[in-house]
Amino acid sequence: MSYQVLARKWRPRTFSSLVGQEHVVRALTHALEQNRLHHAYLFTGTRGVGKTTLARILAKALNCETGITATPCGICSACTEIDSGRFVDLIEIDAATNTGIDNMRELQDNAVYAPTRGRFKVFVIDEVHMLSKQAFNSMLKTFEEPPEHIKFILATTDPQKIPVTVLSRCLQFNLKQMSREAIYEHLGYILQQEKTTAEPAALRLIAHAAQGSMRDALSLLDQAIAYAGGKVSEEAVRAMLGAIDQDYLFRLLDALAQQDIKAMLAVADEMESRSLSFDSALQDLAALLHQIALAQSAPDALGQDLPERERILALARQFDAEELQLHYQIALHGRRDLPLAPDEYAGFSMSLMRMLAFRPDQAGAVAVPASAKKKPEGAAVQDPGTAAPAAPAFRPEARSAADAAGAAFDGDWPKLANQLKVSGVARQLAQQSELRNFDGESMELGLAHSAKHLAERIYQDKLRAALHGYFGKPVALKIVIGEISGNTAAVQAQTERQARQGKALEAIQGDAFVRELMDNFDATIVGDSVKPS
Ligand SMILES: [Zn+2]
């Protein structure tokens, strides 16, 4: 007997065996049971979630010799022929290779004739979004007045590309990506049936690598069984997937927690000598940091059977939440920038150094970015001792105008924002915004996108009233949502507070300015520009 690959052998043949798509199954079951049939169905979802599998099951449900049913028998000739792909009235078209109008004409010619064997002639058009415009137009004719004996099942990964005229005539179902947990469990079930064993960690790796596709998961499992030649071990799957041995990553993070750059680079060297992929390493590092963050905030969410559970919990105690967020971000960016690095090793080790540079040093000083490509004027190195953003964000001409307005305002908006008699969200608005312009009569404030919810009219009105009170005359207020440099009371307060506590990272993390610099300008931190407070 020839070996049948798992993906085919375990392809679901009934609605009930379809994993992870309960919402779609329920709707289709109801429709079939109540005989409320539509003439066109559209299944959407990413690759490998089971669109064509579902189409075949539906074709059986429509054509089973026991009658239209949500539970096709699976043994009649219609069912078996559909399962084996040789049912004459099931016409499967791959639109990716048959994009043209001729293919549609053929389909239309064929559609005229009554089904040979079944109740319905079922056309399954996979990747239907690939059809040409003319092909869609031609299809539309059949769609508008479909013969009674015709059912269309369309499948696509990209429903956006389907003309509305077609969409509106379909009953649409969105198939979900399968969760890792669902894949993991299903793999376990299949192995049990196959009387093969695997280490749970090995199955987790596969479930992870499958990225939501059960089909991919089963193919990988097949490979793993062949690769391992017996019990599917974690080590074998790691080797097969080219996954990084977690041990490297744990050692890296241990060294990072100790702020031991030498040890970190030693690990990187070791990884290079074994020709491991630094791209995967950064990806896995981000995944690990995610798990550590999870362990911190929701320990229960961490799988009990996770092999590295103890090490993850240990690391969760060594980093604080903001550090983890930051390292995660650095890992992601490091991966993104890897193709631009002189070489992978350089890109990887720079990411490691970046993680280290973003930590508070022993003296409790704040590490701040000092080398942004494009920094606001004067916003050079911030000395945490004074903790004041160095440069006023408003323009010199604005300053002189403001001076002219009276001695009451010296241009220090963060200071004024703290003094104004407003509370609640309006206070947040004052403290999170920065001065763009003030000529004594009208004031323009910049507010970051992330804080734009503060700019609602009601809060603007309150702030305007407070300004009126302060200046003793009406002030026209304009809030501009956009990029800000960070010269705000909120940022100042945060920097001061955290400099005191020696928690530099927290300040940087919460600071929209720094984040923006990192996101937009690839800012890095120069560790030795940091002065102790
Ligand atoms: Zn049947």
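Scroll up to find the structure this text is about.
Note that this is a predicted model, so its numbers are computed, not measured. Each residue is numbered by its place in its chain's sequence as written, counting from 1. Residue-level local features of this predicted model are given only where pLDDT is at least 70; pairs of side-chain atoms are given and counted only at 80 or more, and the full residue set underlies all totals for whole chains, interfaces and linings. Side-chain metrics in this entry use all non-hydrogen atoms of the structure; hydrogen atoms and water are not considered.

**Student:** Before we move on, could you go through the overall build of the protein chain and cite the residues and values that matter?
**Tutor:** The numbering of helices and of strands both runs from the N terminus, where a helix is a DSSP run of H or I of at least 4 residues and a strand a run of E of at least 2. A count of helical and extended segments in the protein chain gives 24 helices and ten strands. The 533 residues of the protein chain split such that 49% are buried. Here the analysis covers contacts within the protein chain between residues at least 6 apart in sequence; of these, 74% occur between residues at least 24 apart. Accessibility throughout is a Shrake-Rupley quantity obtained with a 1.4 Å probe, and a residue counts as covered only by protein chains that appear here. Split by element, the accessible area of the protein chain, about 25500 Å² in all, is 50% carbon and sulfur. The buried label applies to any residue whose accessible area, calculated with a 1.4 Å probe on protein chains only, is under 20% of its type's maximum; exposed applies above 50%, and partly exposed to all values in between. Residue contacts are defined here by distance: any two heavy atoms, one from each residue, within 4.5 Å place the two residues in contact.

**Student:** I'd like a rundown of the coordination of the zinc ion, residues and numbers included.
**Tutor:** Only nitrogen, oxygen and sulfur atoms qualify as donors, provided they sit within 2.8 Å of the metal or within 3.2 Å for Na, K and Ca; with water excluded from the atoms, sites may seem incomplete. The protein atoms that coordinate the zinc ion are Cys64 (SG), Cys73 (SG), Cys76 (SG) and Cys79 (SG), at distances of 2.2 to 2.3 Å. Key to geometry: four donors with every angle between 85 and 135 degrees are tetrahedral; four donors are square planar and six octahedral where opposite donors lie over 155 degrees apart and all remaining angles lie between 65 and 115; all other sites are irregular. Because the angles between the four donor atoms bound to the zinc ion fall within 103 to 121°, the donor set is best described as tetrahedral. Summarised as a motif, the one-chain spacing of the donors to the zinc ion is C-x8-C-x2-C-x2-C. By relative accessible area, which is 10% here, Cys76 ends up buried.

**Student:** Break down the side chain of Thr142 for me, citing the residues and quoting the values.
**Tutor:** By the secondary structure assignment, Thr142 is in helix H6 (residues 133-144). Since its relative accessible area comes to 9%, Thr142 is described here as buried. For the purposes of these results, a polar contact is taken to be a pair of N or O atoms within 3.5 Å, where, inside protein, one atom must be able to donate a hydrogen and its partner to accept one; residues adjacent in sequence count only when each atom of the pair is a side-chain atom. There is a polar contact of 2.9 Å between the side chain of Thr142 and the side chain of Gln108. With sequence-adjacent residues up to four places away left out, Thr142 is seen in contact with Gln108, Ala111, Pro147 and Phe152.

**Student:** Let's hear about the nonpolar core: which residues, and what values?
**Tutor:** In this description, a nonpolar core means a group of buried Ala, Val, Leu, Ile, Met, Phe, Trp, Tyr and Cys residues linked to one another through side-chain atoms lying within 4.5 Å. Phe15 and Phe43 are the most contacted members of the largest nonpolar core, which totals 54 residues. Sequence-distant contacts of Phe15, defined by excluding residues within four places in its chain, comprise Val25, Leu28, Thr29, Leu32, Leu54, Ile57, Leu58, Ala61 and Ala70. One finds Phe250, Leu256, Phe348 and Leu356 within the second-largest nonpolar core, a separate group that totals 42 residues.

**Student:** Quick rundown of the packing of helix H13 (residues 261-273) against helix H17 (residues 344-357)? Include the residues and the values.
**Tutor:** Angles here are taken between N-to-C directions and fall from 0 to 180 degrees, while the axes themselves are lines fitted to C-alpha atoms, restricted in helices to the stretch in contact. Closest axis-to-axis distance for the H13/H17 pair is 10 Å, and the angle between their directions is 160°. Viewed along their axes, H13 and H17 adopt a mutual orientation that is roughly antiparallel. Relative to H17, H13 is oriented so that their crossing is right-handed. Of H17, the residues touching H13 (which contributes Ile261, Met264, Leu265, Ala268, Asp269, Met271 and Glu272) are Tyr345, Phe348, Ser349, Leu352, Met353 and Leu356. For this classification, Asp, Glu, Lys and Arg are treated as charged, while Ala, Val, Leu, Ile, Met, Phe, Trp, Tyr, Cys and Pro are nonpolar and the rest, including Gly, are polar. Among the residues forming the contact of H13 with H17, the class breakdown is ten nonpolar, one polar and two charged. For classification purposes, angles smaller than 35 degrees are called roughly parallel, those larger than 145 roughly antiparallel, those between 65 and 115 roughly perpendicular, and all remaining angles oblique. Here a crossing is taken to be left-handed if its near helix is turned anticlockwise relative to the far helix by less than a right angle, and right-handed if that turn runs clockwise.

**Student:** Before we move on, could you go through the environment of Ala430 and cite the residues and values that matter?
**Tutor:** Within the element layout of this structure, Ala430 appears in helix H20 (residues 424-432). Distance from Ala430 to Leu420, taken between C-alpha atoms, is 8.3 Å for residues ten residues apart in sequence.

**Student:** Break down the environment of Met240 for me, citing the residues and quoting the values.
**Tutor:** The residue Met240 is located in helix H11 (residues 234-241) in this model. The exposure class assigned to Met240 is buried, which follows from its relative accessible area of 17%. In the structure, Met240 is positioned 17 residues away from Gln223 in sequence and 8.2 Å away in space, judged by C-alpha atoms. Not counting residues within four places of it along the chain, the set of residues in contact with Met240 comprises Leu220, Gln223, Ala224 and Tyr227.

**Student:** Which residues make up helix H8 (residues 180-194), and what values go with them?
**Tutor:** Each helix should span, by expectation, one fewer than its residue count multiplied by 1.5 Å. When the terminal C-alpha atoms of H8 are compared, their 21 Å separation across 15 residues agrees well with the 21 Å that a helix rising 1.5 Å per residue should span. Within H8 the residues assigned to the buried category are Ala182, Ile183, Tyr184, His186, Leu187, Ile190 and Leu191. Packed against the buried residues of H8 are helix H1 (6-9), helix H9 (200-209) and helix H10 (214-228). The positive-phi residue at the C-terminal boundary of H8 is Lys195, with phi of around 55°.

**Student:** Describe the pattern of salt bridges, naming the residues involved and giving the relevant values.
**Tutor:** By salt bridge we mean one thing: a side-chain nitrogen of Lys or Arg within 4 Å of a carboxyl oxygen of Asp or Glu. Taken as a whole and judged by the stated rule, the model has 18 salt bridges. Between Arg47 and Asp216 there is a salt bridge, with its nearest N and O atoms 2.8 Å apart. Of this pair, Arg47 sits in the loop between strand S1 (40-44) and helix H3 (51-63) while Asp216 sits in helix H10; the two residues are 169 residues apart in sequence, bridging distant segments of the chain. Two residues, Asp247 and Arg311, come together in a salt bridge whose shortest N-O distance is 2.9 Å. Residue Asp247 is located in helix H12 (residues 246-257), and its partner Arg311 is located in helix H15 (residues 309-318); the two are separated by 64 residues in the primary sequence. Look at Asp247 and you get partly exposed, because its relative accessible area is 29%.

**Student:** For the pairing of strand S4 (residues 150-156), give the residues involved together with the corresponding values.
**Tutor:** Counting buried residues along S4, seven of its seven residues qualify, which places the element largely inside the surrounding structure. Here S4 shows no split at all, with Ile150, Phe152, Leu154 and Thr156 on one side and Lys151, Ile153 and Ala155 on the other all buried. If DSSP finds at least two bridges between two strands, the strands pair. Looking at chain direction, S1 and S4 are connected through five bridges and run parallel. Paired with Phe43 across the strands is Ala155, a residue of S4. Bridge count between strand S3 (residues 121-126) and S4: five bridges; the pairing is parallel. Opposite Ile125, over in S4, you have Leu154 as the bridge partner. Each parallel crossover has a hand, and for S3 linked through H6 to S4 it is right-handed. Throughout, right-handed denotes a crossover for which the path from the first strand over the helix to the second runs clockwise when the strands point away from the viewer.

**Student:** An account of the sheet that holds strand S9 (residues 476-481) is needed here, citing residue identities and associated values.
**Tutor:** The mixed open sheet is built from three strands, whose spatial order is S7-S8-S9. Each edge of the open sheet is held by one strand with a lone partner, namely strand S7 (434-438) and S9. Strand after strand, the sheet turns through a mean of 25° between neighbouring axes, direction not considered. In this structure, strand S8 (residues 442-447) lies alongside S9, joined through six bridges in parallel fashion. Residue pairing in the sheet places Ser442 in a bridge with Ala476 of S9. In the packing of helix H21 (residues 457-471) onto the sheet, contacts are made with S7, S8 and S9, and the angle to S9 comes to roughly 135°.

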